[in-house]
Amino acid sequence: MAGQPPAFQLMDNPASFSNSSLTRTLSYNYLYALNAWLLLCPVWLCFDWAMGCVPLLQSAGDARCLAVLLLWTTLLALVWSCLRHQENGVHDAGPGRSRLAAQQQQRQQCAVTLSLALIVIPFLPASNLFFRVGFVMAERVLYLPSAGFCILVALGCRHLYNIT
């Protein structure tokens with residue numbers, strides 16, 4: 001390579017070669033949703049996601065955009081939850097709540113923040129946000145995000161257990 005950036009082909013990552021910014025944006029976001037689905041339910045594992053395995057999203061009317069909407073709604077709700085609880089702080093125990101309960105809730109929110117960071121930050125280099133990557137999807141980029149996802153699932157199970 002001698003200091004040169006790699007030369008990717010159209011079939012390596014079709015979305016990055018699309019002339020339409022809408023198609024690129026929708027397709028990239030759909031790939032994020034597919035990666036999230038692979039974390040949740042890894043039944044579609046593939047050794048090579050190139051060569052048109054994932055068709056591009058051409059319009060916002062595509063039914064697959066619902067997966068994108070669900071992904072971003074879930075992520076934004078989790079981020080908002082973390083920010084809302086960090087804003088309240090430990091000292092605001094509220095009526096009928098002990099300081100210990102407030103501290104436990106803050107620790108849980110810190111764990112949610114950590115899990116979201118473990119999901120998002122290691123995935124960023126493979127997200128096509130900063131530079132073009134030479135693959136459509138690759139399960140190998142989900143190794144570290146899967147640790148954050150496991151923490152998030154454990155926290156969710158704990159929360160459901162505490163409700164019942």
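Residues numbered from 1 in each chain as written. Predicted model: local features only at pLDDT ≥ 70, side-chain atom pairs only at ≥ 80, totals over all residues. Heavy atoms only, no water.

Trainee: For this particular structure, what's the right way to read the overall build of the protein chain?
Mentor: Helix and strand content of the protein chain: four helices and zero strands. When the helices and strands of the protein chain are listed from N to C terminus, the series reads α-α-α-α. Counting only residues that meet the buried cut, the protein chain has 33% of its 164 residues in that class. Taking all contacts inside the protein chain whose residues are at least 6 apart in sequence as the whole, residues at least 24 apart take part in 70%. A total accessible area of about 10,500 Å² is found for the protein chain, and carbon and sulfur atoms account for 67% of it. Measuring between centres, the 9 positive side-chain charges of the protein chain sit 10 Å from its 6 negative side-chain charges. (Helix = DSSP H or I, 4+ residues; strand = E, 2+ residues; numbered from the N terminus. Buried < 20%, exposed > 50% of the residue type's maximum accessible area, 1.4 Å probe, protein only. Contact = heavy atoms within 4.5 Å. Areas by Shrake-Rupley, 256 points an atom, 1.4 Å probe, with all protein chains shown as cover. Lys, Arg positive; Asp, Glu negative; His and termini not counted. Charge placed at Lys NZ, Arg CZ, Asp CG, Glu CD.)

Trainee: Any chance you could explain helix 1 (residues 21-40) here in plain terms?
Mentor: Because each turn of an α-helix spans 3.6 residues, side chains separated by three or four positions end up pointing in the same direction. Over its 20 residues, helix 1 runs 29 Å from end to end, which matches the ideal 28 Å to within 8%, given 1.5 Å per residue. Its side-chain oxygen 3.3 Å from the backbone nitrogen of Leu22, Ser20 forms the N-cap of helix 1. (Expected span 1.5 Å × (residues − 1). Polar contact = N/O pair within 3.5 Å; in protein donor to acceptor, adjacent residues only side chain to side chain.)

Trainee: Explain the side chain of Thr23 here, please?
Mentor: Here Thr23 lies in helix 1. Judged by relative accessible area, Thr23 falls into the buried class, the value being 2%.

Trainee: Can you help me understand a nonpolar patch on the surface in this one?
Mentor: A cluster of nonpolar side chains, namely Trp37, Leu40, Val43 and Trp44, defines an oily patch on the protein surface of about 440 Å² accessible area. Here Val43 shows up in the loop between helix 1 and helix 2 (65-88). Judged by its relative accessible area of 58%, Val43 falls in the exposed class. (Patch = residues over 30% accessible without salt bridge, like charges linked within 9 Å, V, L, I, M, F, W, Y side chains within 5 Å. Salt bridge = Lys/Arg side-chain N within 4 Å of Asp/Glu carboxyl O.)

Trainee: In this structure, what is going on with the packing of aromatic side chains? I would like to understand it.
Mentor: How two aromatic rings sit relative to each other is set out by the distance from centre to centre and by the angle between their planes. Considering all chains together, one arrives at one aromatic pair under this definition. Aromatic pair Tyr32 and Phe123: ring centres 5.9 Å apart, planes at 85°, arrangement edge-to-face. Here the residue Tyr32 occupies a position in helix 1, and Phe123 occupies one in the loop between helix 3 (99-120) and helix 4 (143-163), the gap between them amounting to 91 residues. Summarising the burial analysis for this pair, Tyr32 and Phe123 share the class buried. Sitting over the ring of Tyr30, Arg64 keeps its end group 5.1 Å from the ring centre. Note that Arg132 overlies the ring of Phe17, its terminal NZ or CZ placed 4.1 Å from the centroid. (Phe/Tyr/Trp six-rings, centres within 6.5 Å; stacked < 30°, edge-to-face > 60°. Lys NZ or Arg CZ within 6 Å of the ring centre and 35° of its normal.)

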